[in-house]
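What the coordinates show
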Amino acid sequence: MASVADIDPAEPSGPGGYAAARLRLLGADSPSGPPRRSGLSRITDAWLSALFDTAARESGVRGAALVAVGGYGRGELSPRSDLDLLLLHDGRDSGAVAALADRVWYPVWDLGIALDHSVRTPGEARKIAGDDLKVHLGLLDARHVAGDPGLTAGLRTAVLTDWRNRAAGRLPELRALCRERAQRAGELQYLLEPDLKEAHGGLRDATALRAVAASWVADAPREGLATARRTLLDVRDALHLATGRATDRLALQEQDQVAEALGLLDADVLLRQVYEAARTLAYASEVTWREAERVLASRSVRPRLKALLGGRPAPERTPLADGVVEQDGEAVLARTARPEKDAVLVLRTAAAAAQAGVPVNPHVVRQLAKAAPPLPVPWPAAAREELVTLLGAAEAAVPVWAALEAEGLVTRLLPDWERVRCRPQRNPVHTWTVDRHLVETAVRAAGMTRRVGRPDLLLVAALLHDIGKGWPGDHSVVGETIARDLAERIGFDAVDVDVIATLVRHHLLLVDTATRRDLDDPATVRAVAETVGSSATLELLHALTEADALATGPAAWSAWRASLVADLVQRVGAVLAGQPQAEAGPAALSAEQERLTVEAHRTGGPVVALRAREEGDAALGVELSIAVPDQPGVLPAVAGVLAMHRLTVRTAEIRPADVPVEGAEPVLLLVWRVAAAYGRLPEAARLRADLVRVLDGSLDLSSRLAEREKAYAAGVRRRSVQPPPPRVTVAASASRHATVLEVRAQDAPGLLHRIGRALEEAGVRVRSAHVSTLGASAVDAFYVTGGAGEPLTAREAAGVAREVGAALGE
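Residues take numbers from 1 onward in each chain, read along the sequence in its written order. Reporting of local features is limited, given that this is a predicted model, to residues whose pLDDT is at least 70; pairs of side-chain atoms are given and counted only at 80 or more, and all residues count toward the totals for whole chains, interfaces and linings. Based on all heavy atoms of the structure, the side-chain values leave hydrogens and waters out of the count.

1. Description of the pairing of strand E2 (residues 83–89)
Moving residue by residue along a regular strand, the side chains alternate between the two faces of the sheet. Keep this limit in mind: Each residue's exposure class comes from its accessible area (1.4 Å probe, protein chains only) as a fraction of the maximum for that residue type: buried when under 20%, exposed when over 50%, partly exposed otherwise. Every helix listed is a DSSP run of H or I at least four residues long, and every strand listed is a run of E at least two residues long, numbered separately from the N terminus. The criterion for strand pairing is that DSSP finds at least two bridges linking the strands in question. The path from the first strand over the helix to the second decides the hand: if it runs clockwise while the strands point away from the viewer, the crossover is right-handed.
For E2, a buried count of 7 out of 7 residues is recorded, marking the element as mostly surrounded by other parts of the structure. Alternating residues of E2 divide into Leu-83, Leu-85, Leu-87 and His-89 and Asp-84, Leu-86 and Leu-88, and every residue in both groups is buried. Bridging between strand E1 (residues 64–68) and E2 involves 5 bridges; their strand directions are antiparallel. Residue pairing for E2: Leu-66 is matched across the bridge by Leu-87. Looking at chain direction, E2 and strand E3 (residues 115–120) are connected through 6 bridges and run parallel. Each bridged residue has a counterpart across the sheet, and for Leu-85 the counterpart in E3 is His-117. As a crossover connection, the stretch from E2 through helix H4 (residues 94–110) into E3 is right-handed.

2. Thoughts on the nonpolar core
Nonpolar side chains in soluble globular proteins generally cluster together in the buried interior. Note the threshold: Among buried residues, those of type Ala, Val, Leu, Ile, Met, Phe, Trp, Tyr and Cys that are joined through side-chain atoms within 4.5 Å constitute a nonpolar core. Note on definitions: a residue-residue contact is assigned when non-hydrogen atoms from the two residues lie within 4.5 Å.
The biggest cluster of nonpolar side chains holds 99 residues, and the ones touching the most others in it are Trp-379, Leu-390, Trp-401, Leu-414 and Trp-417. The residues touching Trp-417, leaving out its near neighbours within four places in the chain, are Trp-401, Glu-405, Val-410, Thr-411, Asp-435, Leu-438, Val-439, Leu-463 and Ile-467. Membership of the second largest hydrophobic core comes to 50 residues, among which are Ile-626, Met-644, Val-743 and Val-766.

3. As for the packing of helix H7 (residues 149–165) against helix H8 (residues 167–185)
Convention followed: The angle between two axes is taken between their N-to-C directions and runs from 0 to 180 degrees, where each axis is a line fitted to C-alpha atoms and a helix contributes only its stretch in contact. The scheme is simple: roughly parallel for angles under 35 degrees, roughly antiparallel for over 145, roughly perpendicular for 65 to 115, oblique for anything else. As a working rule, the residues Ala, Val, Leu, Ile, Met, Phe, Trp, Tyr, Cys and Pro are called nonpolar, Asp, Glu, Lys and Arg charged, and the rest polar, with Gly in that last group.
Put simply, H7 and H8 touch, their axes get as near as 5 Å, and they point 85° apart. If you check the angle between H7 and H8, you find them roughly perpendicular. Along its contact with H7, which presents Trp-163, Arg-164 and Asn-165, the element H8 presents Ala-167, Arg-170, Leu-171 and Leu-174. When its residues are assigned to classes, the contact of H7 with H8 shows 4 nonpolar, 1 polar and 2 charged.

4. Thoughts on helix H26 (residues 591–603)
We apply this condition: Helix span, expected: 1.5 Å multiplied by one less than the number of residues in the helix. Directions drawn from the helix axis to the C-beta atoms are what define this arc.
Across its 13 residues, H26 extends 18 Å between first and last C-alpha, which sits within 8% of the 18 Å expected from 1.5 Å per residue. Among the residues making up H26, those that are buried are Gln-593, Leu-596, Thr-597 and Ala-600. Angularly, the buried residues of H26 cover 95° about the axis, an arc narrow enough to put them on a single face. In H26, the exposed positions that point more than 90 degrees away from the buried face belong to Ala-591 and Arg-602. One or two steps after H26, the chain reaches Gly-604, where phi turns positive at roughly 75°.

5. Looking at the environment of Leu-203
Along the chain, Leu-203 falls in helix H9 (residues 203–214). For Leu-203, a relative accessible area of 8% translates into the label buried. Spatially, the C-alpha atom of Leu-203 lies 9.7 Å from that of Asp-248, the residues being 45 residues apart in sequence. Once residues lying within four places of it in the same chain are set aside, the contact partners of Leu-203 are Leu-196, Lys-197, Arg-229, Leu-232, Leu-233 and Arg-236.

6. Side note on the environment of Ala-19
Looking at the secondary structure, you find Ala-19 in helix H1 (residues 15–26). Linking Ala-19 and Ala-684, residues 665 residues apart in sequence, is a C-alpha distance of 69 Å.

7. A few points about unusual backbone geometry
Residues Val-377 and Pro-378 are joined by a peptide bond in cis, for which omega reads 0°. Secondary-structure assignment places Pro-378 in the loop between helix H14 (362–371) and helix H15 (381–391). We note that Asp-328 has phi near 55°; this positive angle belongs to a residue other than glycine. Tracing the backbone through its elements, the reader meets Asp-328 in the loop between strand E6 (324–327) and strand E7 (330–333). Even without a glycine there, the phi angle at Arg-646 is positive, about 60°. Owing to a relative accessible area of 34%, Arg-646 belongs among the partly exposed residues under this scheme.

8. Observations concerning the confidence of the model for the chain
As a note on interpretation, predicted positions should not be read in detail where pLDDT is low. Counted only if it meets this: Summary of the metric used: pLDDT quantifies the predictor's per-residue confidence within the range 0 to 100.
Scored by pLDDT, the chain has a mean of 88; 90% of the residues are at 70 or more. For the stretch residues 614–619, pLDDT sits under 50, and the model shows 4 contacts to residues farther than four places along the chain or on other chains. Within the model, pLDDT remains below 50 along residues 716–721, and this stretch shows 9 contacts once partners closer than five positions in the same chain are excluded.

9. Things to note about the packing of H8 against H9
With their axes 11 Å apart at the nearest point, H8 and H9 run at an angle of 170° to one another. Comparing the axis directions of H8 and H9 gives the class roughly antiparallel. Across from Leu-171, Leu-174, Cys-178 and Arg-181 in H8, the residues of H9 making contact are Arg-204, Asp-205, Ala-208, Ala-211 and Val-212. Taken together, the residues that form the contact of H8 with H9 break down as 6 nonpolar, no polar and 3 charged.

10. Thoughts on the pattern of salt bridges
Heads up, the condition is: Each reported salt bridge corresponds to a side-chain nitrogen of Lys or Arg within 4 Å of a carboxyl oxygen of Asp or Glu.
According to the stated counting rule, one finds 50 salt bridges in the structure shown. Where Asp-328 meets Arg-294, a salt bridge forms, and the shortest distance between an N and an O atom there is 3.6 Å. Of this pair, Asp-328 sits in the loop between E6 and E7 while Arg-294 sits in helix H12 (residues 267–309), and the two are 34 residues apart along the sequence. With a relative accessible area of 29%, Arg-294 lands in the partly exposed category. Each of Arg-74, Glu-76, Asp-141, Arg-210 and Arg-229 takes part in salt bridges that share partners, so that together they form one network.

11. Comments concerning the packing of aromatic side chains
Spelled out, the test is: Pairing of aromatic rings covers Phe, Tyr and Trp, the last through its six-membered ring, and needs centres within 6.5 Å; plane angles under 30 degrees mean stacked, over 60 mean edge-to-face, and all others mean tilted.
Considering all chains together, one arrives at 4 aromatic pairs under this definition. For the ring pair Tyr-106 and Trp-109, a centre distance of 5.1 Å and an interplane angle of 90° mean the geometry is edge-to-face. Placement of the pair is Tyr-106 and Trp-109 together in helix H4, with a separation of 3 residues, close to one helical turn. Seen from their ring centres, Tyr-190 and Trp-432 are 4.9 Å apart, and the 90° between their planes marks the pair as edge-to-face. Highlighted residues: Tyr-190 in the loop between H8 and H9 and Trp-432 in the loop between helix H17 (409–413) and helix H18 (434–446), separated in sequence by 242 residues.

Here it is, written out as structure tokens:
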């Protein structure tokens, strides 16, 4: 098979020749890269030049030129790129020029190549560029293809001159366009299905940086910029070939194929490379725009100051810390600073900048990266304090941290950081990559430092809590070892190292226990107390739990979860304080619940009541209470009715309740927290009517739910990524009063109904259920007993788990 170098750019003189040469080039052995893109541009130039010369001769047109603009002008043709062409003419014979244009455009269309074309005189091109920023940007990359080179050169000179003369107005307009695009398309470095062109940090931003440089107002940092841009272009080339379409969206279903085409191990490696490139471009954009805005502002002010002061004023320098000053809104080094002799200066500069709310000058960061000596291990106390000060600056720490990362300083300070840097998280609950999530958790923790006795331990644990995600295995277990090593490196003493390691190892303990276990069971609370060990550690773990959830995404935290965690913390705190813990017993009925039990006894059927939560948080939903005479099938019946009405279950408690009537048999009391998936909540009377029909067999619930499940399953099959299979496990020693089954599965309509039906068929009673939904994943815990109310044997529990798993398709 031919390589790029084997293809003669002069060969494709006709449509057939060009098409064959193009196919050979796109099927060449050489991988996507600059040689292929430039080769595609060369053979396209040769073909269009031949078309133009022939058409110009036949139409008798002189004083015309064919000009490539935009991406084609830059010589960056991807396999499915449009051809952006301008037919430039001197205006002497418009009829002949129109005929010339047709003879050039139609062969392009005949080959099915997308064409963005225009026909203009140099004056018309300049006028339209003056009115339309996007046209002006395209003309900045104008490149001569065929015809009169003088026309092209004259237009290029005029367009560049106009751009530089109008920079004070054009650059703010371009900046606004970039911001609007970023808000619409998102941050490329964090998206699971990024738009390589439109998202912030993508190819549009690379083009914008070229435009800013062309204005002579500011220039982007050159380090790594060309490599980042090439990476995104290479990925786009492979994406075009994989899909056969002109797309810039790197969808999940194409990522493995694109990774293979680029010789990468898997889609995660591909995404990490894309994120690295996007981060480089995004940082360069922020630095460049900050400098451009500073220069433009100084240009507008300086003439007045010169007139007043008779010369250029000296820049004002405000001290921020030892060796660090603020100048022109940035942190820079003082004249007396000696970075080559001050190992702490990197962290001191970063902390001072973050606390002052200003960025660090990029040249200063680069200077520190080259000159500053490494910190001794363990770090001196001053370095540790500066790290804590940096993290405690909350949101202001984020751009400073990004500047340190851009020059490799974070990895130099914390070597294990490299494993999580730009690492994707293929979980829709997570908003950020692993490393940015760690920084965001520290940001959230900074707002909680007044709640804890050791804010330094909280901030460092927040920064390290997911550090194990860069390694195989349980990230909490692996992370404990890494966090211990890093805490020792940072210079904490042995006691503090143990606390940080405990926080990292058990950072999911509180939320998992609060949402999946029975807090009325003393065994649950005692187990947490034994794991945490002290009230001070519990205080830190509570704050870390909240900070971690808030930094994960909106689906990870709510007032409901906060209340459950707070309840658990209060109970564990009481145990750690030595207060006696009462054995679990049936909770006292409220007046409303007593009324429901009496009514259920009197009518012999279910009684339903809906009550809004007093907290007023929509995430908490409403409280649904149901009293019903004890009978088989209650759990799947209620769960099925709720699913039929599209109600999402947050929590569920099922227990027998005594009826305050002499001689009455106990009834079942079910207390649920529910919320409408969409639309309004149904009325209690309608829920009761459907429940009565399900229990007496007059409503075929299974067939009604089967329709929804079928539609849902069809939607799952259309998704690019199939969810992992469900998993049912037995939580050993989780309770002395019941056996705890934990079900992890993809959330779906009727899931709780199917689980309840499987438990009923297995012959066990459900004492309580604790439902938790994170994004598309459901994690539910069921406390089950045998017929006499006793925990199941290990063999029985394993059998029930198998039956439930089989019902869910495990």
